[in-house]
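# Remarks on the overall topology
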Amino acid sequence: MEGFNVGGRLRELRQARRLSQRELAKRAGVTNSTISLIEQNSVSPSVSSLKKILDALPVSISAFFAGDQPAAPRHFYKAEELTEIGDGYLSWRLVAARRPGRSISIIHERYPSGADSGEEMLEHEGEEGGVVIAGEIEITVAGDVQVLGPGDAYYFDSRLPHRFRNPGETACVIVSANTPPSFSDAGREQHHA
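These numbers were taken from a predicted model, which means no experiment stands behind them.

### Points about the packing of helix 2 (residues 21-28) against helix 3 (residues 32-39)
Their axes nearest at 8 Å, the elements helix 2 and helix 3 cross at an angle of 115 degrees. Here the hand of the crossing between helix 2 and helix 3 comes out right-handed. Touching Gln-21, Arg-22, Leu-24 and Ala-25 of helix 2 are Asn-32, Ile-35, Ser-36 and Glu-39, all from helix 3. Considered class by class, the residues forming the contact of helix 2 with helix 3 number 3 nonpolar, 3 polar and 2 charged.

Written out as structure tokens, the structure is:
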């Protein structure tokens, strides 16, 4: 989220919905001070914390970072045109974030050494899959644990409890896809967050 004014964007969206910091905090299940500190850019929220807050608005992560205006459908995207929806530590760059009617999320993911999607197992509607491009990733799905390396792939029902962790000494790069496009449907977007 480096270089992006997370606090200013959150304040703008909150005020557009005529919500106080207290009301947004209550809806999101976080403290008032959390909202205040984020809006002042005093703290950088994790993707999971930001998702919780955005779900309370509701606003999708892609709309938060890419803006609300849909873009005309295109066929090709340069690397610098991908929308960063990570937390500044984990990098998730979404392809065609503002494309109207998008039915799949394609994400270029980067997990630094030691990165983890969190102790709490993730569960959400849909399916997801990906291919490891570099490094290694430990993926747990419904109690089954595998460490995957370059060229290895995964595919599973996202309703099964799952978790991602980089146990390696180098960054792991994955190209993944999930459906429904959980980074665009507010209230249903959770992917490695």
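### So, the sheet that holds strand 6 (residues 144-148)
Strand pairing in a sheet relies on backbone hydrogen bonds, with the paired strands running either antiparallel or parallel. Strand order in the open sheet made by the 3 strands is 6-5-8, with antiparallel pairing throughout. Each edge of the sheet is formed by a strand with only one pairing partner; in this case those strands are strand 6 and strand 8 (162-165). Looking at each pair of strands side by side, their axes are set apart by 15 degrees on average, direction ignored. Note: strand 5 (residues 137-141) against strand 8, 4 bridges, orientation antiparallel. Paired with Ile-139 across the two strands is Phe-164, which belongs to strand 8.

### Considering the pairing of strand 4 (residues 127-134)
Strand direction decides the pairing type here: strand 4 and strand 7 (residues 153-157), joined by 5 bridges, are antiparallel. Looking at the pairing, Gly-129 lines up with Tyr-155 of strand 7. Where strand 4 lies against strand 9 (residues 172-179), 7 bridges are found, and the strand directions are antiparallel. Of the residues in strand 9, the one forming a bridge with Glu-128 is Asn-178.

### Digging into helix 1 (residues 6-16)
Residues Val-6, Gly-7, Gly-8, Arg-9, Leu-10, Leu-13 and Arg-14 constitute the buried set of helix 1. Once helix 1 finishes, Arg-18 follows within two positions and takes phi at roughly 55 degrees, a positive value.

### Side note on the pattern of salt bridges
Counted under the stated rule, the structure contains 8 salt bridges. The salt bridge partner of Glu-39 is Arg-14, with a shortest N-O separation of 2.6 Å. Of this pair, Glu-39 sits in helix 3 while Arg-14 sits in helix 1, and the two are 25 residues apart along the sequence. Judged on exposure class, the residue Glu-39 and its partner Arg-14 are both buried. The partner of Asp-116 in a salt bridge is Arg-163, with the nearest N and O atoms 2.4 Å apart. Taken together, the positions of Asp-116 in the loop between strand 3 (105-111) and strand 4 and Arg-163 in strand 8 put the pair 47 residues apart, joining distant regions of the chain. For Asp-116, a relative accessible area of 25% corresponds to the partly exposed category. Residue classification places Arg-163 among the buried residues on the basis of a relative accessible area of 17%. Salt bridges sharing partners connect three or more residues here, namely Arg-11, Arg-14 and Glu-39.

Thresholds, definitions, all that
- Residues numbered from 1 in each chain as written.
- Predicted model: local features only at pLDDT ≥ 70, side-chain atom pairs only at ≥ 80, totals over all residues.
- Heavy atoms only, no water.
- Axes fitted to C-alpha atoms, helices over the stretch in contact; angles between N-to-C directions.
- Helix = DSSP H or I, 4+ residues; strand = E, 2+ residues; numbered from the N terminus.
- Left-handed = near helix turned anticlockwise from the far one by under 90°.
- Contact = heavy atoms within 4.5 Å.
- Nonpolar A, V, L, I, M, F, W, Y, C, P; charged D, E, K, R; others polar.
- Pairing = 2+ DSSP bridges.
- Buried < 20%, exposed > 50% of the residue type's maximum accessible area, 1.4 Å probe, protein only.
- Salt bridge = Lys/Arg side-chain N within 4 Å of Asp/Glu carboxyl O.

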